[in-house]
Amino acid sequence: MSDVEKKLYSDDNIDVTTFKCPNCGGGSVFDAKTQKLKCLYCGSLFDIPDQTGVVTPERQLEELLDKGEVWKEAEVYQCQSCGAKEIIENQRVSHVCPFCGTKNVVKIEELPGIKPQGIVPFKIDKKMAGQSAKKYVKGKLYAPSKFKKSVKPENIHGIYNPLFTFDCQTSSSYYGKLGKNYVINRIVNGKVISETRTKVFHVSGTYQEIFDDFVVQASSKIPSEIIASLQPFSTRKAVDYKPEYLLGYGANTYDKDGQSCWQESKSMMQNRIEGSILKKYDYDIKYSLNVNTDFSHEMYKYILVPIYVGHYKYKNKLYNFFVNGENGKVAGKTPVSAGKVTLTVFIVLLILGIIALLYYFA
Ligand SMILES: [Zn+2]
Ligand SMILES: [Zn+2]
């Protein structure tokens, strides 16, 4: 492992008593590039014990009602600065909060909840995540230069995010009232007057759709919109969960349970179904649409997906940006430099002024 790589991981202060290197006894981390464990000291690579690489199977939705297997080996830590809760495997301490960068993270008395069935491991390392984020902020015209410079791997931390995926078949029947506008021309007192009228028509029918790996975010720490813009995650290729994947990384706690995620998933699916039904018709106005949907063959998976979280403080406000740990896709709000905006406004006014002057003299 190079000095740079060592520095990248040194902030995380990984406990060396666990997952010892077979060659030198040093501590190890999960290496995204090779998908193996890597010794922090001698750089040896070794396989994750008992990992079959088998894609994690979906479970029947009824099992969601059961509490599920408790995540015994894990502990919950909380950032004393921003309140973020993080799950860390036993005997390992990550001192840096991925969301705000403070080291004031302490163990709290809280259960981590249900053990994830599967995990989509990190595929890109911190360095690559940093490069993706750099490219992203370069494109942000109004982001402050200081912010652009602060986007580096040292300020980015990998954290697994919990989510539920749902499969189901839907069968819907619907009826509704739609309207299509049309224009007629009338001649009144010798003048042509255009008038818009609406033709009202009734629709009804049935609609079927199959959903596969429909994703619902289970942690409020990363907003659902961010997860949506970071997608896709290869949830279909999630492998069985092994604690070793968390070495060098942490995991977000979930604060929405399976049942509420399923309810959320259902209403999101309903919206999509309604949209698909309406797409079949040529209309301008929706007066009403009643959709009755039956859900069947419901299955679920509770898995962790890889996200790099970066943080930046600008004028006392904390900004987070996020990088998909598989493909480097970036999302998040960037601060806006007031100076840069003012400069743009000034330049635009200047150009307008010059044009006005030229016009005046011409
Ligand atoms: Zn070693
Ligand atoms: Zn924090």
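Residues numbered from 1 in each chain as written. Chains lettered and ligands numbered in written order. Predicted model: local features only at pLDDT ≥ 70, side-chain atom pairs only at ≥ 80, totals over all residues. Heavy atoms only, no water.

Student: Please set out the coordination of the zinc ion (ligand 2) residue by residue, giving values where relevant.
Tutor: Looking at the metal site, the zinc ion (ligand 2) is ligated by C79 (SG), C82 (SG), C97 (SG) and C100 (SG), spaced 2.2 to 2.3 Å from it. Coordination at the zinc ion (ligand 2) is tetrahedral, judged from the four donor atoms that bind it and the angles of 100 to 114 degrees they form at the metal. Within one chain, the residues serving as donors to the zinc ion (ligand 2) are arranged as C-x2-C-x14-C-x2-C. The class of C82 is partly exposed, set by a relative accessible area of 28%. (Donors = N, O, S within 2.8 Å, 3.2 Å for Na, K, Ca; no water. Tetrahedral: all angles 85-135°; square planar, octahedral: opposite > 155°, others 65-115°. Buried < 20%, exposed > 50% of the residue type's maximum accessible area, 1.4 Å probe, protein only.)

Student: Go over the domain arrangement of the chain with me, naming the residues and quoting the values.
Tutor: Looking at the assigned domains, one finds that the chain contains domain 1 (1-47) and domain 2 (48-176 + 202-346). Of note, the centres of domain 1 and domain 2, computed from C-alpha atoms alone, are 27 Å apart. (Domains from an automatic or database assignment.)

Student: Describe unusual backbone geometry, naming the residues involved and giving the relevant values.
Tutor: Trans peptide bonds make up most of the peptide bonds, and negative phi angles are found at most residues other than glycine. Cis rather than trans, the peptide bond between Q231 and P232 has omega equal to 5 degrees. With respect to the helices and strands, the residue P232 is situated in the loop between α4 (224-230) and β11 (239-240). Within the chain, Q35 stands out as a residue other than glycine whose phi angle is a positive 60 degrees. Relative to the elements of secondary structure, Q35 occurs in the loop between β1 (28-31) and β2 (36-39). On the basis of relative accessible area, Q35 is assigned to the partly exposed category, the value being 28%. (Helix = DSSP H or I, 4+ residues; strand = E, 2+ residues; numbered from the N terminus.)

Student: Explain the sheet that holds β2 to me, using residue names and the numbers behind them.
Tutor: Spatially, β1-β2-β3 is the arrangement adopted by the three strands of the open sheet, whose pairing is antiparallel. The open sheet has two edge strands with one neighbour each: β1 and β3 (45-46). Strand direction decides the pairing type here: β2 and β3, joined by two bridges, are antiparallel. The partner of L37 across the bridge, within β3, is F46. (Pairing = 2+ DSSP bridges.)

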